[in-house]
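# Results of the structural survey
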Amino acid sequence: MTRSTLLRASVPGVVVALMLSGCSSVGIGSGSTLTVTIGVDGPLTGKLADLGLGIRYSAELAVAKANAKNTVPGVKFVLDVKDDQADEQIAKANAEAFAANPDVMGVVGPLTSSGALQMAPVLAKAGLAEVSPSNTAPALTWGADYRANGKKRQYPTYFRTVTTDAVQGPLLARYAHSQLKAGKAAVVNDSKAYGANLAAEFVAAFEDVGGKVAYRATIEQGTTDFTRIAQQIAAAKVDVVYYGGEHPEGGPLAVALKAAGVKAPVAGGDGLHTDGYLKAAGAAATGDLSSQPGVSVEGLASAYGYLDAYHAAGHKEEPGPFGPYAYDSTWALIEAVGKARQGKDGQDLTGADLRKAVVEAMQEVSFFGVTGDVSFDEFGDTRNQVASIYQVQKGSWVAIVPFGRLRDF
């Protein structure tokens, strides 16, 4: 990857403001400076903290750049960062705190779809815009019964910058069947909304292209002993094992499968595409697969400045799969504030009026960000409906399908 020598040769805090994507000034401000707070919610402690911290630090980069460039004249952005520990009830409490703070004009997060199902109703009631860089459950934008009754927008204030399980699950199912020649699959998922829905999407697509699901199981979050399940999967003689869930359970599952003699690769969604999975599974992870909503940003020129700036900041945690989307989610709110700041009568909006206008402006946001084109459809979903596929090679996740659409397989 070609990196910018200018960034390395300059003072990091200054060059970040000059080089990251989305550099236009928006809105027309006048008078005294208004401080606008953007809430950030995610797990900053606990087993998923590496993902949550990547989101937090990326949001910090976006806000630092907006302030340094005076992107929205007359507005200074600050962050209110809250730790939900990947607990949906804490996420709900955080949403209530954001809603009660009149300075908060938008929220980035949460990490998990389960948390979002608790946060979204609270923020919608408060008329507060929410943009997630990582939620993939289709129900958040289409409704829980979208398969039977069609799509219906659930929350007018909810948006996301990543595609959904309705894309990433089927993409990996089709890839496994067409490229890996997998005819039989074992499917295991946790009981959370994310894992259950992702597994259901994989199963429907795998069977649709002619595959057979020979084994299914649901496990509880926190499960560590997969010996019995691994033995049952070994007896089923499958070609691929799909896990719907996150890396704290996915890693031990992979270890147990290899110990039971299962040669089929483990495949899963973005919940596996983490350094945590590589650490938990160790050598057992070699050859395993994961899908990731969105593109592989490592090869995008639009992401070079972002990645350099993130690493120059010296964070211990990597940006992870959702850091780039958190940056673009934060920038979408910054753009919306700029568009909403000046009311129709020419007066700068504040308070409840600005909060309402930000939601309306979010629907019209459109810019080229770190992850590519950023804009939202009538449901609040990103219009950039792509996903990528990674494989573990020599202890690292390597993009083998960096830009995938369902029609490709």
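Before reading on, note that the structure itself is shown above.
Everything quoted here is computed from the prediction, not taken from an experiment. (Residues numbered from 1 in each chain as written. Predicted model: local features only at pLDDT ≥ 70, side-chain atom pairs only at ≥ 80, totals over all residues. Heavy atoms only, no water.)

### Description of the overall build of the chain
A tally of helices and strands in the chain yields 15 helices and 14 strands. Against the 2.2 N^0.38 benchmark of 22 Å for 409 residues, the chain shows a C-alpha radius of gyration of 21 Å, consistent with a compact globule. Dimensions along the principal axes, computed over C-alpha positions, put the chain at roughly 70 × 50 × 35 Å. A separation threshold of at least 6 residues defines the contact pool for the chain, and within that pool the share at least 24 residues apart is 74%. Only carbon and sulfur atoms are counted for the fraction: they give 51% of the accessible area of the chain, which is about 15,700 Å². Distance from the positive charge centre (36 side chains) to the negative charge centre (41 side chains) of the chain: 4 Å. (Helix = DSSP H or I, 4+ residues; strand = E, 2+ residues; numbered from the N terminus. Rg over C-alpha atoms; globule rule 2.2 N^0.38 Å. Contact = heavy atoms within 4.5 Å. Areas by Shrake-Rupley, 256 points an atom, 1.4 Å probe, with all protein chains shown as cover. Lys, Arg positive; Asp, Glu negative; His and termini not counted. Charge placed at Lys NZ, Arg CZ, Asp CG, Glu CD.)

### Some words on the sheet that holds strand S3 (residues 104-108)
The parallel open sheet is built from five strands, whose spatial order is S2-S1-S3-S4-S5. Edge positions in the open sheet fall to strand S2 (75-83) and strand S5 (158-160), since each of these has one partner strand only. Strand-to-strand twist across the sheet, computed as the mean angle between neighbouring axes with direction ignored, equals 25 degrees. Where S3 and strand S4 (residues 130-132) come together, two bridges link them in parallel fashion. In the sheet register, Val107 faces S4, and the bridge partner there is Glu130. The strands touched by helix H4 (residues 88-100) are strand S1 (34-42), S2 and S3; relative to S2, the strand with the most contacts, the crossing angle is about 155 degrees. (Pairing = 2+ DSSP bridges. Axes fitted to C-alpha atoms, helices over the stretch in contact; angles between N-to-C directions.)

### Examining the environment of Ile389
Along the chain, Ile389 falls in strand S13 (residues 387-393). A relative accessible area of 0% places Ile389 in the buried class. With 93 residues separating them along the chain, Ile389 and Ser296 place their C-alpha atoms 8.4 Å apart. Other than its neighbours up to four places away in sequence, Ile389 contacts Leu171, Leu172, Tyr175, Ser290, Ser291, Val398, Ala399, Ile400 and Val401. (Buried < 20%, exposed > 50% of the residue type's maximum accessible area, 1.4 Å probe, protein only.)

### Some words on the side chain of Ser134
Position of Ser134 relative to the elements: it lies in the loop between S4 and helix H6 (139-142). One polar contact links the side chain of Ser134 to the main-chain carbonyl oxygen of Pro110, over a distance of 3.3 Å. Setting aside its immediate chain neighbours within four residues, Ser134 contacts Ile55, Pro110, Leu111, Val162, Asp270 and Phe322. (Polar contact = N/O pair within 3.5 Å; in protein donor to acceptor, adjacent residues only side chain to side chain.)

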